[in-house]
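Residues per chain, in single letters:
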2 protein chains.
Amino acid sequence: MELIRSLDEVRRFSHQARGQGRSLGLVPTMGALHEGHLSLVRKARSEYDSVVVSIFVNPTQFGPREDLGRYPRDLQRDLGLLTPFKIDAVFAPDARAMYPSGFDTFVDPGAAAQPLEGALRPGHFRGVATVVLKLLNLVQPSTAYFGQKDFQQAMVIRRLIEDFNLEVRLVLCPIVRQPDGLAMSSRNAYLSTDERVAALALFRALRRGEAAFCCGETRTEAIVDEMKRAIAAEPRLQLDYAVVAEAQTLAPAAVATAGSVALVAARVGSTRLLDNLILAPPGTNDADRLRQVEIRNS
Amino acid sequence: MELIRSLDEVRRFSHQARGQGRSLGLVPTMGALHEGHLSLVRKARSEYDSVVVSIFVNPTQFGPREDLGRYPRDLQRDLGLLTPFKIDAVFAPDARAMYPSGFDTFVDPGAAAQPLEGALRPGHFRGVATVVLKLLNLVQPSTAYFGQKDFQQAMVIRRLIEDFNLEVRLVLCPIVRQPDGLAMSSRNAYLSTDERVAALALFRALRRGEAAFCCGETRTEAIVDEMKRAIAAEPRLQLDYAVVAEAQTLAPAAVATAGSVALVAARVGSTRLLDNLILAPPGTNDADRLRQVEIRNS
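Residues numbered from 1 in each chain as written. Chains lettered and ligands numbered in written order. Predicted model: local features only at pLDDT ≥ 70, side-chain atom pairs only at ≥ 80, totals over all residues.

### Describing the overall build of chain A
Rule in force here: Numbering goes from the N terminus for both helices and strands, where a helix is a DSSP run of H or I of at least four residues and a strand is a run of E of at least two. Throughout, radius of gyration means the C-alpha value; the globule benchmark is 2.2 Å times the number of residues raised to the power 0.38. Buried means a residue has 20 or more other C-beta atoms within 10 Å of its own C-beta, exposed means 12 or fewer, and partly exposed covers the counts in between; C-beta atoms are placed from the backbone.
Along chain A, the regular secondary structure elements total ten helices and ten strands. The C-alpha atoms of chain A give 19 Å as radius of gyration, which agrees with the globular expectation for 298 residues (19 Å, within 12%). C-alpha atoms of chain A, sized along the principal axes, occupy 55 × 40 × 40 Å. Within chain A, buried positions represent 45% of all 298 residues.

### Here we look at the domain arrangement of chain A
All names here are of chain A. Worth spelling out the cut-off: As used throughout, domain bounds are those supplied by an automatic or database domain assignment. Residues are scored as being in contact if the C-beta atoms we place from backbone atoms lie within 7 Å. Note on residue categories: nonpolar means Ala, Val, Leu, Ile, Met, Phe, Trp, Tyr, Cys or Pro, charged means Asp, Glu, Lys or Arg, and polar means any other residue, Gly included.
You can read the domains of chain A as domain 1 (2-173) and domain 2 (186-283). Each of domain 1 and domain 2 was reduced to a C-alpha centroid, and the two centroids are 26 Å apart. Domain 1 puts 13 residues into the contact, and the matching count from domain 2 is 14 residues. The element that contributes the greatest number of residues to the side of domain 1 that touches domain 2 is helix H7 (residues 151-163), accounting for three residues. Of the residues in the side of domain 1 that touches domain 2, the class split is ten nonpolar, two polar and one charged.

### Overview of the pairing of strand S10 (residues 271-278) of chain A
All names here are of chain A. Rules: Should DSSP find at least two bridges between two strands, the strands are taken to pair.
With six of its eight residues buried, S10 lies for the most part within the structure. Of the pairings in the sheet, the one linking strand S9 (residues 261-268) to S10 comprises eight bridges and is antiparallel in character. Opposite Val261, over in S10, you have Ile278 as the bridge partner. Hairpin connection of S9 to S10: two residues between the antiparallel strands, including Gly269 at a positive phi of 60 degrees.

### Digging into unusual backbone geometry
A positive phi angle, near 50 degrees, is found at A:Lys86, a position not held by glycine. Relative to the elements of secondary structure, A:Lys86 occurs in the loop between helix H3 (75-82) and strand S4 (89-91). You can call A:Lys86 exposed: it has 10 C-beta atoms within 10 Å. A positive phi is found at B:Gln140, a non-glycine position, where the angle reads about 50 degrees. Looking at the secondary structure, you find B:Gln140 in the loop between helix H6 (124-139) and strand S6 (143-147).

### As for the relation of the copies chain B and chain A
Heads up, the rule is: Alignment of the copies relies on least squares applied to C-alpha atoms, considering only residues that score at least 70 for pLDDT in both.
Turning chain B through 180 degrees and shifting it by 0.0 Å along the axis lays it on chain A, with an RMSD of 0.0 Å. Put plainly, the chains are arranged around a two-fold axis. Within chain B, B:Val107 has its C-alpha nearest the rotation axis, a separation of 2.4 Å.

### Some thoughts on the interface of chain B and chain A
Chain B puts 20 residues into the contact, and the matching count from chain A is 20 residues. Among the elements of the structure, strand S5 (106-108), H6 and helix H7 (151-163) of chain B are those that each provide at least two residues to the side of chain B that touches chain A. Ranked by residue count, the leading element in the side of chain B that touches chain A is H6(B), at four residues. Split into classes, the residues belonging to the side of chain B that touches chain A amount to eleven nonpolar, four polar and five charged. For strand S5 (residues 106-108) of chain A and S5(B), the ladder comprises three bridges, and the chain directions are antiparallel. In the sheet register, A:Asp108 faces S5(B), and the bridge partner there is B:Phe106.

### With respect to the sheet that holds strand S3 (residues 50-55) of chain B
Residue and element names in this part refer to chain B. This is how the line gets drawn: Where helices are involved, their axes are fitted lines through C-alpha atoms of the stretch in contact, as for all axes, and angles between N-to-C directions lie from 0 to 180°.
Overall, parallel pairing links the six strands, which are arranged S1-S4-S3-S2-S6-S7 in an open sheet. The sheet terminates laterally at strand S1 (2-4) and strand S7 (169-173), the two strands that pair on one side only. Ignoring which end each strand starts from, the neighbouring axes of this sheet average 25 degrees apart. In this sheet, S3 lies alongside strand S2 (residues 24-29) in parallel orientation, the contact comprising six bridges. Pairing of Thr29 across the sheet is with Ile55, part of S3.

### Quick word on the sheet that holds strand S10 (residues 271-278) of chain B
Each strand in a sheet pairs with its neighbour through backbone hydrogen bonds, running either in the same direction (parallel) or in the opposite one (antiparallel). Residue and element names in this part refer to chain B. Taken together, the three strands give an open sheet; going across it, the order is S8-S9-S10, and neighbouring strands pair in antiparallel fashion. Two strands bound the open sheet, and with one partner strand each, they are strand S8 (237-245) and S10. Sheet twist, expressed as the average angle between the axes of neighbouring strands with direction ignored, equals 10 degrees. Two strands pair when backbone bridges link them, and S8 and strand S9 (residues 261-268) are joined in this way by eight bridges, in the antiparallel orientation.

### Focus: the packing of H6(B) against H7(B)
All names here are of chain B. As a reminder, the rule being used: Angular relationships are summarised with four words: roughly parallel below 35 degrees, roughly antiparallel beyond 145, roughly perpendicular across 65 to 115, and oblique for the angles in between. Each helix crossing is assigned a hand: it is left-handed if the near helix lies turned anticlockwise from the far helix by less than a right angle, otherwise right-handed if that turn is clockwise.
Two numbers describe how H6 lies on H7: the axes approach to 10 Å, and their chain directions differ by 55 degrees. Between H6 and H7, the angle is such that the two are oblique. Both H6 and H7 take part in a crossing whose hand is right-handed. Each of Phe125, Val128, Ala129, Val132 and Leu133 in H6 lies in contact with H7, whose residues at this interface are Gln153, Val156, Ile157 and Leu160.

In structure tokens:
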């Protein structure tokens, strides 16, 4: 497993791979790897002989009052977690290489980037879309793997790929959860024991919403009310949003159907947490839920 | 010479060429070809066995009150002009293929896109940068050829290529002029005989500015005054701007030096005309002037 730090080097690596007829899978991450990231690496490894994982805490996607400074960084630990997967390379550039002096061209994503995280974190998806485009251009993978956890991000990237005519396939992988249901997130490291208990209400809210949907409720307000009640029952949580949205645009769904997405965001202490669930009939597994979204998007 | 209309087809063409080890030169145009465009095609042909010319009147770079509707379009004439060059393909997509329903991701260019044309045509360079990125991604050329005539555009594209880590070389070719000095432009077709005479004052203004520079004047205000006087002497012209700018950023140059760029824009009747000149010592040819700019940019 090669550790690549420079842009020239990752270009050379990519040229060499493609020159030898090997296509690449890319897993873009901000490090602080957990089982969620590793499930993407596993998926990429199952589809490609050559896999690159990028580790880059991208400053342009953090707002001025956000947690860029304290975001967990431990490259040695991340490399240790990746070793068993026998991937080809970890690309971990530094911020000055990615954003040299004079840098000032950005991707301006459209409607899917406006609501929810886009409204609460102005400029966030502009930074995300810009860095992902740069990483795709540098590594030139055939497929890039993203987690369903950041569902809105994945929809913004899907739109970017289509609108800019990029030749890359996007694969979305299901959320990985702790046994008690908490969605894996690098930001879970911020939580105290107490806060971690409170955080469970996010997934509880999603399951309540889905239970209503499975009982035949299709009015989104009614489903959202269920979700909000579950969040409100946990006084340590401050709700940012609870919605049932169209997968592609993230606009509020007029009516909840299979393939609509329930999304929730809340703060506990100084930590923001996200979770989501693609609505489906009872017994539908996560992969089939994602397939619902992909069918709707195409 | 193949005429390619669809995005899938141009992708196939590009894959096939690169699969056979042929790298491509791309000349992006809006059609209504003239000697300026043909000089780019000639240059591309001298450097690449395989050349693609794109012809696309890009709606996103026109403002709501601009000349998108009346912009000259004559594909058959353009194909006739290209035939002698034995290029591989003309890519002439239609607007619905380039901007299908739901399209809403744009490139947001930075400082170089703000002054001059950027200030007078809000959104213009956003549209230009977006379509150029799309064309580069579809055709995947090794080199793209642009004319110095649209100097600011070329600087915006140069920044785009660098900031988004695109693997393409930008080649800038000198302005082609009529024998009397008028810069070749598709919009010259709009001019009446009378207006065409008036239009000569643009190049006259640039030469006056350069004459002052060559006499040792380095104060940009003094050079700009010379340029403005030449425009003012032609009552049919309405000045939009006359500046001496830094090549890379298009910001006003503090002091004029070799490699600073004099730019002028003016309206005659309902037609906007642009021209520019890279300042240089007397006797410097156009290619060497462009080299000054490239040296400064790297």
